[in-house]
Number of protein chains: 2
Amino acid sequence: MRITVIAGGVGGARFVRGVREWARRESPDSTIDVVVNTGDDAWVAGLRITPDLDSIMYTLAGVNDEQRGWGRVGETERVSAELREWGVGWPWFTLGDLDLGAHIARTSWLREGLPLSTAVERLTARWPLGVRLLPATDAEAETHVHVRDPEGGDRVMHFQEWWTRHRAALPAVRFEQRGVEQAVPAPGVLEAIGDADVVLVAPSNPVVSIGTVLAVPGIRDAVRGTAAPVVGVSPIIGGAAVRGMADACLTAIGVRTAADAVAGHYGARSRGGVLDSWLLAEEDAALVDDVRALGLRTEAAPLWMRDSDTSAALARDAVRLAGVID
Amino acid sequence: MRITVIAGGVGGARFVRGVREWARRESPDSTIDVVVNTGDDAWVAGLRITPDLDSIMYTLAGVNDEQRGWGRVGETERVSAELREWGVGWPWFTLGDLDLGAHIARTSWLREGLPLSTAVERLTARWPLGVRLLPATDAEAETHVHVRDPEGGDRVMHFQEWWTRHRAALPAVRFEQRGVEQAVPAPGVLEAIGDADVVLVAPSNPVVSIGTVLAVPGIRDAVRGTAAPVVGVSPIIGGAAVRGMADACLTAIGVRTAADAVAGHYGARSRGGVLDSWLLAEEDAALVDDVRALGLRTEAAPLWMRDSDTSAALARDAVRLAGVID
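Everything in this summary refers to the structure shown in the same document. (Residues numbered from 1 in each chain as written. Chains lettered and ligands numbered in written order. Predicted model: local features only at pLDDT ≥ 70, side-chain atom pairs only at ≥ 80, totals over all residues. Heavy atoms only, no water.)

1. What to know about the overall build of chain A
Within chain A, the regular secondary structure consists of 13 helices and 14 strands. Its C-alpha atoms give chain A a radius of gyration of 19 Å, within 12% of the compact-globule value 20 Å for 326 residues. With the C-alpha coordinates of chain A rotated into their principal frame, the extents come out at 60 × 50 × 40 Å. Counting over 326 residues, chain A shows a buried share of 59%. Here the contacts in chain A between residues at least 6 apart in sequence split such that 69% fall between residues at least 24 apart. Taken as a whole, chain A presents about 12500 Å² of accessible surface, with 47% of it coming from carbon and sulfur. Side-chain charges of chain A comprise 33 positive and 44 negative groups, with the mean position of each set lying 0 Å from the other. (Helix = DSSP H or I, 4+ residues; strand = E, 2+ residues; numbered from the N terminus. Rg over C-alpha atoms; globule rule 2.2 N^0.38 Å. Buried < 20%, exposed > 50% of the residue type's maximum accessible area, 1.4 Å probe, protein only. Contact = heavy atoms within 4.5 Å. Areas by Shrake-Rupley, 256 points an atom, 1.4 Å probe, with all protein chains shown as cover. Lys, Arg positive; Asp, Glu negative; His and termini not counted. Charge placed at Lys NZ, Arg CZ, Asp CG, Glu CD.)

Now the structure itself:
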């Protein structure tokens, strides 16, 4: 089975790991392509960082820090301490030493003129990930946030500043993906979506992860036009965002933090949206009828990814909801 | 007293530290400018490295590794191990973690368009060095080595590859400083030489350290034209190069590894060269007459820099030989 997942960082990484685990157990001939958000990417200290791609790569390689939830396990921060002495980089954004290996390698290739997708191919070749990672685009189209300053006046800042430095606490007015109009999908992205047997939308941030992938010209149309069923997995469980700060993003674009509201935001393909089905949390089972009223197939299932068994079961539920397995 | 030193890396660093120590003790109003070789600089893993500038900076800051002889004390190599996994950089050239802080900071400033001299100013501002470091040039004019392959045929490689990877064991035919014709002295260099009360040539490699500084158009003329006395300190002690591999460089340009031969290579200003005086090692005292015959003032003195006392004494001997103190 050709499975294509659209994903953001940490939540996306766990979901993709579950998909891989399910496929290994029950559909070992499957191929898995993951189209990954690049809107969080940034230049920091002259180095190109790609947080979502790295989160997925590290998680699939088994070198991620499960406890902290991001970065490499066994990480140290000796280089960052030096950079702070010189005032280089963002003092609120730590570049781990092991992580810097990837940043330096990636940046050296980009400076040689290679596209990000080639850098990702080279980085991921280090481990047998069992999954192909595709950046949504090779273009630099970074998310910026227009915030209303409580003191008055509006400001614009890089998404990382809003998210990591301010913990999404400054009220966001709108998100802007700078330069996305000129961006084109990275090589392989449109084919991965168009030729898939099933397309899964990971339970990632609907606005600044999945939303930014879909905003790359051509990707939304590819999802709308693929012959494969498209299944979304709710990032909301029991009326709350699994990753708390996603709230602030939904609020900024006028969407309630509720599983049916997010489903409505994506919309049914039959009504101009991008989904055919929506996998709800069992805690939100009461919303099944509301979601059906949106024109979506739906079902309630356990969405908490606690370990490989629960993650693989979630992946199976999503693929089954697509109708491609029994 | 305005003291200007022309210096390469490790030997230059020890000598400059001695000059600073002598000045603190006996001439505390002195200012010390150091014009530093940049011919060893290189792009490694997309980062700009400047080994000689760093050796002097770390040594004067007291954060250098005295035992190993180069780099930062307490260094680790976690990032380099990662880079090796991806085949990025030179596997035979280790970038220490602490050292990488400087490389990343420097590179980020250079990528912003700042000149190397500004990067050096920013890096050195971290510590009260008591000395101003000036790169010989802001231009990239890297030394390359033409070698005769024992298997037959000539090859050209970056100086670092010849020096660090091959330990200068491949016979060098000639040295080439790529692009040096277009280079200009960094801001402050010509003034530091022209306005000095004394110019000291450190006991650094005469070919690939001092030679590369003098090859930057304008610098040799400034040394020849300064009103200050110019004193060289021999890098040869007892007929052997203090830093062994300097031999190979002298051989390549047809100069014997002998204190008088190196003095003759620099030459007396009165005869078209760059020196007025030459401080010989006491082990080479027998060469005093040969050096005088070159038109140079000379004197034999202890040249081994074992600690601050011997280094400061050496600096005093050099300044005294210049005739600017009694």
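2. What about the interface of chain A and chain B?
Chain A puts 28 residues into the contact, and the matching count from chain B is 29 residues. Counting each side, the surface lost to burial between chain A and chain B is near 2400 Å², with a carbon and sulfur contribution of 66%. Between the two partners, chain A and chain B, sit six salt bridges. The partner of R72 of chain B in a salt bridge is E82 of chain A, with the nearest N and O atoms 2.8 Å apart. The tally of links from chain A across to chain B stands at ten residue pairs in polar contact (both at pLDDT 80 or more). Taken together, the elements giving at least two residues each to the side of chain A that touches chain B come down to α3 (78-85), α4 (97-111) and α5 (116-124) of chain A. The leading source of residues in the side of chain A that touches chain B is α4 of chain A, at ten residues. (Buried area = accessible area lost by both parts, 1.4 Å probe. Salt bridge = Lys/Arg side-chain N within 4 Å of Asp/Glu carboxyl O. Polar contact = N/O pair within 3.5 Å; in protein donor to acceptor, adjacent residues only side chain to side chain.)

3. A closer look at the sheet that holds strand β2 (residues 31-36) of chain B
All names here are of chain B. Spatial ordering of the open sheet is given by β5-β2-β1-β9-β10-β13-β14, a layout of seven strands whose pairing is parallel. One side of each edge strand has no neighbouring strand; the edge strands of this open sheet are β5 (132-135) and β14 (297-301). Taking each pair of neighbouring strands and ignoring which way they run, the sheet shows an average axis angle of 20°. Two strands pair when backbone bridges link them, and strand β10 (residues 230-233) and strand β13 (residues 277-281) are joined in this way by three bridges, in the parallel orientation. Of the residues in β13, the one forming a bridge with V231 is S277. Packing of helix α2 (residues 51-61) onto the sheet brings it into contact with β1 (2-7), β2 and β5, and relative to β5 it is tilted by some 175°. The strands touched by helix α11 (residues 259-266) within the sheet are β9 (198-201) and β13, with β13 carrying the most contacts at an inclination of about 160°. (Pairing = 2+ DSSP bridges. Axes fitted to C-alpha atoms, helices over the stretch in contact; angles between N-to-C directions.)

4. Considerations on the pattern of salt bridges
Tallied over the entire structure, the rule returns 41 salt bridges over all chains. Here the salt bridges do not stand alone but share partners, grouping R72 and R126 of chain A together with E82 and E85 of chain B into one network.

Fair warning: the whole summary comes from geometry, so function is off the table for now.
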